[in-house]
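Structural characterization, general
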Amino acid sequence: MVLALTVCGIVVALVVVGLFLFGLRRRLIQRSGGTFDCSLRWDVAEKPDAGGKGWGYGVARYNGDRIEWYRVFSYAPRPRRVLERAQIEVAGRRLPDGEEELALLSDAVVLACTHRGTRLELAMSEDALTGFLAWLEAAPPGQRVNVA
């Protein structure tokens, strides 16, 4: 009985510590500001799957001429993907299709892009999309920006 209570106490303590670390990590990412909720689908086929597969939910953060994308459900202190402003080309935008609506946030807009030759899709709110496109167009003089 004592052993079972000890094991249960340890498990509960580990769960509480794990949840605390999730919250602390998110707080540290958002500390410097310039963050927004953003789902990412990397290395997308020419005809994207409307089944909602491949999307990763995350938080993106502006950092100078880069966007750092962090997975929400991860303990990693470093971004999973880094997108350089000069390398991003916007191909178009669309609303989520089919089961994608269930995989993404309710007000998401999907932005089709390429980054260094890799096709990707970003899904974000309309407000975040406006900020993202403004950030892309605000590149320093001499840098090319491709926004469709």
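Since the model is a prediction, treat every value here as computed from it, not as a measurement. (Residues numbered from 1 in each chain as written. Predicted model: local features only at pLDDT ≥ 70, side-chain atom pairs only at ≥ 80, totals over all residues. Heavy atoms only, no water.)

**Considerations on the side chain of Arg-41**
Position of Arg-41 among the secondary structure elements: in strand S1 (residues 35–42). Arg-41 sits in the buried class, given a relative accessible area of 4%. For Arg-41, the side chain forms a polar contact with the side chain of Glu-121, separated by 2.7 Å. (Helix = DSSP H or I, 4+ residues; strand = E, 2+ residues; numbered from the N terminus. Buried < 20%, exposed > 50% of the residue type's maximum accessible area, 1.4 Å probe, protein only. Polar contact = N/O pair within 3.5 Å; in protein donor to acceptor, adjacent residues only side chain to side chain.)

**Focus on the sheet that holds strand S7 (residues 118–125)**
Think of a sheet as strands paired side by side through backbone hydrogen bonds, with each pair either parallel or antiparallel. If you trace the 7 strands from one edge of the open sheet to the other, you get S4-S3-S2-S1-S7-S6-S5, paired in antiparallel fashion. Edge positions in the open sheet fall to strand S4 (81–84) and strand S5 (88–94), since each of these has one partner strand only. When the angles between neighbouring strand axes are averaged without regard to direction, this sheet yields 35°. Strand direction decides the pairing type here: strand S2 (residues 56–63) and strand S3 (residues 66–71), joined by 6 bridges, are antiparallel. Its bridge partner lying in S3, Gly-58 is registered against Arg-71. Running at roughly 35° to S2, helix H1 (residues 2–30) makes contact with S1, S2 and S3 of the sheet. Sheet strands touched by helix H3 (residues 126–137): S1, S2, S3, S4, S5, strand S6 (108–115) and S7. Its angle to S7, the strand with the most contacts, is close to 130°. (Pairing = 2+ DSSP bridges. Axes fitted to C-alpha atoms, helices over the stretch in contact; angles between N-to-C directions. Contact = heavy atoms within 4.5 Å.)

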